[in-house]
Amino acid sequence: MNNYSEALSAAAGYCSLSEHCTSEVIEKVKRFDLTPDDLEKLIKRLKDEGYLNENRYVKAFVKDKFRFSKWGRIKIRYALRQKGISSTLADEGLAEISDDDYREMLISLLRIKKPSIKANSPYELRGKLLRFAAGRGFELDLTGSCLKEMGMDDEE
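Residues numbered from 1 in each chain as written. Predicted model: local features only at pLDDT ≥ 70, side-chain atom pairs only at ≥ 80, totals over all residues. Heavy atoms only, no water.

A. Quick peek at the packing of aromatic side chains. All chains considered together, the criterion is met by three aromatic pairs. Ring geometry for Tyr 57 and Phe 61: centres 5.7 Å apart, planes at 35 degrees, overall tilted. Of this pair, Tyr 57 and Phe 61 both sit in helix α4 (residues 54-67), four residues apart, roughly one helical turn. Across this residue pair, the class does not change: Tyr 57 and Phe 61 are buried. Taken together, the aromatic side chains of Phe 66, Tyr 102 and Phe 138 make up a single cluster linked through ring pairs. The cationic tip of Lys 41 hangs over the ring face of Tyr 4; the distance from NZ or CZ to the ring centre is 4.5 Å. The lysine or arginine in question, Lys 65, covers the ring of Trp 71, its NZ or CZ lying 4.8 Å from the ring centre. (Phe/Tyr/Trp six-rings, centres within 6.5 Å; stacked < 30°, edge-to-face > 60°. Helix = DSSP H or I, 4+ residues; strand = E, 2+ residues; numbered from the N terminus. Buried < 20%, exposed > 50% of the residue type's maximum accessible area, 1.4 Å probe, protein only. Lys NZ or Arg CZ within 6 Å of the ring centre and 35° of its normal.)

So, in structure tokens, the structure goes:
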């Protein structure tokens, strides 16, 4: 039971500092060699006491990755999937991003990136900007429409 108490204390402290998901907490307490039953009991207790809340975690994660890392919805969804978050919860979190803010962020990123790209033709520049935005997790059709809005049509 000593391992359980130590693990609970460590996990509660970990969750008090910032939002974490279940998979992160499980990874953190691995060193305590808990039995599967104790691990399940620990996770349940953290959830019951409000230390661990997946919904709250998803909202904070989406907000941070969008605002500070400037990630698109595709990349954020993939990162959440990697952490074992359900698609339903991920969709709810991603719905928090307004379409207007999302579009403005993408256009801002494209405008900042455009001068630094070396390209021999407008066609090549457009392709590089499309790949850049895709790497950030933005949708191809939205990127295309933003480039068009910036005066970079398909015909160039």
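What follows continues from the structure just given.
B. A look at the pattern of salt bridges. Counting across every chain of the model gives nine salt bridges. Between Lys 83 and Glu 24 there is a salt bridge, with its nearest N and O atoms 2.7 Å apart. Within this pair, whereas Lys 83 is found in the loop between α5 (73-82) and α6 (87-94), its partner Glu 24 is found in helix α2 (residues 22-29), the two being separated by 59 residues in sequence. By relative accessible area, Lys 83 is classed as partly exposed at 23%. Here Glu 24 falls in the buried class, since its relative accessible area comes to 17%. Of the charged contacts in the structure, one is a salt bridge between Asp 91 and Arg 77, with a shortest N-O distance of 2.3 Å. With a gap of 14 residues between them, Asp 91 in helix α6 and Arg 77 in helix α5 connect regions that are remote in the sequence. What makes Arg 77 partly exposed here is its relative accessible area of 30%. (Salt bridge = Lys/Arg side-chain N within 4 Å of Asp/Glu carboxyl O.)

C. Up close: the nonpolar core. Counting residues in hydrophobic clusters, the biggest one holds 33 residues, and the most contacted among them are Ile 76, Leu 80 and Leu 110. Listed by contribution, the elements that provide at least two residues to this core are α4, α5, α6, α7 (99-113), α8 (122-135) and α9 (140-149). Sorting elements by how many residues they give to this core places α7 first, with six residues. Sequence-distant contacts of Leu 110, that is, excluding residues within four places in its chain, are made with Leu 129, Phe 132, Ala 133, Thr 143, Cys 146, Leu 147 and Met 150. Of all hydrophobic cores here, the second largest spans 14 residues; its members include Ala 7, Val 29, Leu 46 and Leu 52. (Core = buried A, V, L, I, M, F, W, Y, C linked by side-chain atoms within 4.5 Å. Contact = heavy atoms within 4.5 Å.)

D. Quick look at the side chain of His 20. In this fold, His 20 is placed in the loop between α1 (2-17) and α2. The class for His 20 is buried, based on a relative accessible area of 10%. Within the local environment of His 20, its side chain forms a polar contact with the side chain of Tyr 14, the two groups lying 3.2 Å apart. A distance of 3.0 Å separates polar atoms of two side chains, one belonging to His 20 and the other to Glu 24. (Polar contact = N/O pair within 3.5 Å; in protein donor to acceptor, adjacent residues only side chain to side chain.)

E. Quick look at α7. Relative to the 21 Å expected for 15 residues at 1.5 Å per residue, α7 spans 21 Å between its end C-alpha atoms, a close match to the ideal helical length. Summarising the contacts, the buried residues of α7 are in contact with α4, α5, α8 and α9. (Expected span 1.5 Å × (residues − 1).)

On their own, these measurements won't tell you what the molecule is for.
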